[in-house]
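Per-entry structural report
Listed below are the residues making up each chain.
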Amino acid sequence: MKNKEPVFSKNNLKLITNPLSKDNPITVQVLGICSALAVTVQIKPAVIMTFSVMFVLALSNVLISFLRKTIPSRIRIIVQLIIVASLVIIVNELLKAYFFDVSKQLSVFVGLIITNCIIMGRLEAFALTNKPWLAFLDGIGNALGYGIILIIVSFFRELLGAGTIWGFHVIPECFYQAGYENNGLMILPPMALITIGVIIWIQRSKNKNLIEEK
Amino acid sequence: MEHLFNIFVKSIFVDNLIFSTFLGMCSYLAVSKTVKTATGLGIAVVFVLTITVPVNYLLENYILKQGALSWIDSSFKDVDLSFLSFIMFIAVIASMVQLVEMIIEKYSPTLYNQLGIFLPLIAVNCAILGGSLFMQQKQFNTISEATVYGFGSGIGWLFAIITLAAIREKLTYSNIPAPLKGLGITFIVTGLMALAFMGFMGIKL
């Protein structure tokens, strides 16, 4: 190590900040959409999901990065799947023990973190070729980028669909008396897709570089 | 028989993997640019789901579930291995995909050429693992129910991806606002299709 980089050098910090906007895993890299849509009816499960993904993604990135020179490339998918699956089992057991109601709500989607494309995508694209500390930062950054979209989507769906935020009523009673009603459609699956579509639209009209050619 | 048909129709229209649970969304968005490739991936998904769901059903009921091991000896009836189900299911899926790939390569080279590039992708497709996890949650009584469920879910997925691909082929000729092109409009189209599919909710034969 001749020119040792500081632990939080500018390049390293970019690994965390890039996924938040211009390299966002959901809206730009198109990874991990499945769970992003299904867990966003309320904010609380969305936040818990974000932390679960962060735990799995950061740790699996580090582990794979440590093992990157020993894994034969032919069987790397299986090795990655086994590591990720073991981490997900830990998360699932923890959720069942400490957040039972949320774990019921998330149901199969905790298990589906295993095949969440964010994880496999980052393992393949980043952890297999980079050092553990960089892989760790990349994991945290991508999980945060994923979480931001989840929280934005669930914020709107919960506010418009149920009139609550984190389970507390925020829309005053007088609104309801004046004839306002919660939009039940926001809770149903199709609106998650349309909300993400609108987020992508807004993001791309702000950042012209992301516009697709065709 | 009627009961099985009910499961089949329900898994295609009511519990459609894409429109009601968003499973397999990543490859659904990535591979739906043309109808031809979409059909290839869709058929591969049907194939693998029809095989893995019943295999995982057997695994769940004879090894993993609480009391499932009592066929060996009655002293095993308190053993509960269900916390292992994620790792077992994913291992079964990954090895099944490998096996199916080898068998197809040997016996049907034409089919292999069509499905070839899609099969390895399928091991990490959430629709496949999701199919098994929903099978576990729904607690089917017989293996034929599980098989029909797997097949039906696959057909539902195939149906969804072909429809989207057909719409996207048409969309290339329409005038869409630049920031909405590509991914954005695809999301909104899928959302509208999901709205239409909600019309099937509550159907029972």
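Predicted, not measured: the structure shown is a model, and the values here were computed from it.

Reading the values: the criteria
- Residues numbered from 1 in each chain as written.
- Chains lettered and ligands numbered in written order.
- Predicted model: local features only at pLDDT ≥ 70, side-chain atom pairs only at ≥ 80, totals over all residues.
- Heavy atoms only, no water.
- Helix = DSSP H or I, 4+ residues; strand = E, 2+ residues; numbered from the N terminus.
- Buried < 20%, exposed > 50% of the residue type's maximum accessible area, 1.4 Å probe, protein only.
- Contact = heavy atoms within 4.5 Å.
- Buried area = accessible area lost by both parts, 1.4 Å probe.
- Polar contact = N/O pair within 3.5 Å; in protein donor to acceptor, adjacent residues only side chain to side chain.
- Nonpolar A, V, L, I, M, F, W, Y, C, P; charged D, E, K, R; others polar.
- Axes fitted to C-alpha atoms, helices over the stretch in contact; angles between N-to-C directions.
- Parallel < 35°, antiparallel > 145°, perpendicular 65-115°, else oblique.
- Left-handed = near helix turned anticlockwise from the far one by under 90°.
- Phe/Tyr/Trp six-rings, centres within 6.5 Å; stacked < 30°, edge-to-face > 60°.
- pLDDT = per-residue confidence, 0-100.

**Some words on the overall build of chain A**
The helix and strand inventory of chain A stands at 10 helices and two strands. Counting helices and strands in the order they occur from the N terminus, chain A gives α-α-α-α-α-α-α-α-β-β-α-α. Its C-alpha atoms put chain A at 70 × 45 × 35 Å along the principal axes. Across the 214 residues of chain A, 50% fall into the buried class. Across chain A, every contact between residues at least 6 apart in sequence was considered, and the portion connecting residues at least 24 apart equals 73%.

**Examining the interface of chain A and chain B**
Contact with chain A, which involves 43 residues of that partner, is made by 41 residues of chain B. Buried area between chain A and chain B, summed over both chains or domains, comes out near 3600 Å², and the portion from carbon and sulfur atoms is 85%. Broken down residue by residue, the surface that chain A buries against chain B is led by Thr115, Leu193 and Trp201 of chain A, which jointly contribute 16%. Between chain A and chain B we count zero residue pairs in polar contact (both at pLDDT 80 or more) in total. Looking at the side of chain A that touches chain B, the elements that each hand over two or more residues are helix H2 (33–38), helix H4 (76–98), helix H6 (108–111), helix H7 (117–125) and helix H10 (189–206) of chain A. Among the elements that take part in the side of chain A that touches chain B, H10 of chain A stands out by supplying 11 residues, more than any other. Taken together, the residues of the side of chain A that touches chain B sort by class into 29 nonpolar, nine polar and five charged.

**Notes on the packing of helix H9 (residues 143–171) of chain B against helix H10 (residues 183–197) of chain B**
Residue and element names in this part refer to chain B. For the pair H9 and H10, the least separation of the axes is 11 Å and the interaxial angle reads 130 degrees. With respect to each other, H9 and H10 are oriented oblique. Judged by the twist between their axes, the crossing of H9 over H10 is right-handed. Counted together, Phe159, Ala160, Thr163, Leu164, Ile167, Arg168 and Leu171 of H9 and Ile185, Thr186, Val189, Thr190, Met193 and Phe197 of H10 form the full contact between these two elements.

**Some points on the packing of aromatic side chains**
Under the definition given, this model contains 14 aromatic pairs over all chains. With a centroid separation of 5.8 Å and 65 degrees between ring planes, the pair formed by tyrosine 176 of chain A and tyrosine 180 of chain A is classed as edge-to-face. Assessed through its relative accessible area of 24%, tyrosine 176 of chain A is described here as partly exposed. Geometrically, the ring pair formed by phenylalanine 13 of chain B and phenylalanine 159 of chain B is edge-to-face, given 6.2 Å between the ring centres and 80 degrees between the ring planes.

**So, the confidence of the model for chain B**
Residues and elements named next belong to chain B. Here chain B shows a mean pLDDT of 84. Residues at 70 or above account for 97%. Averaged pLDDT values for the elements of chain B fall to 71 in helix H7 (residues 118–122) and rise to 92 in H9. For this predicted complex, the interface confidence reaches an ipTM of 0.82, while the overall pTM sits at 0.84.

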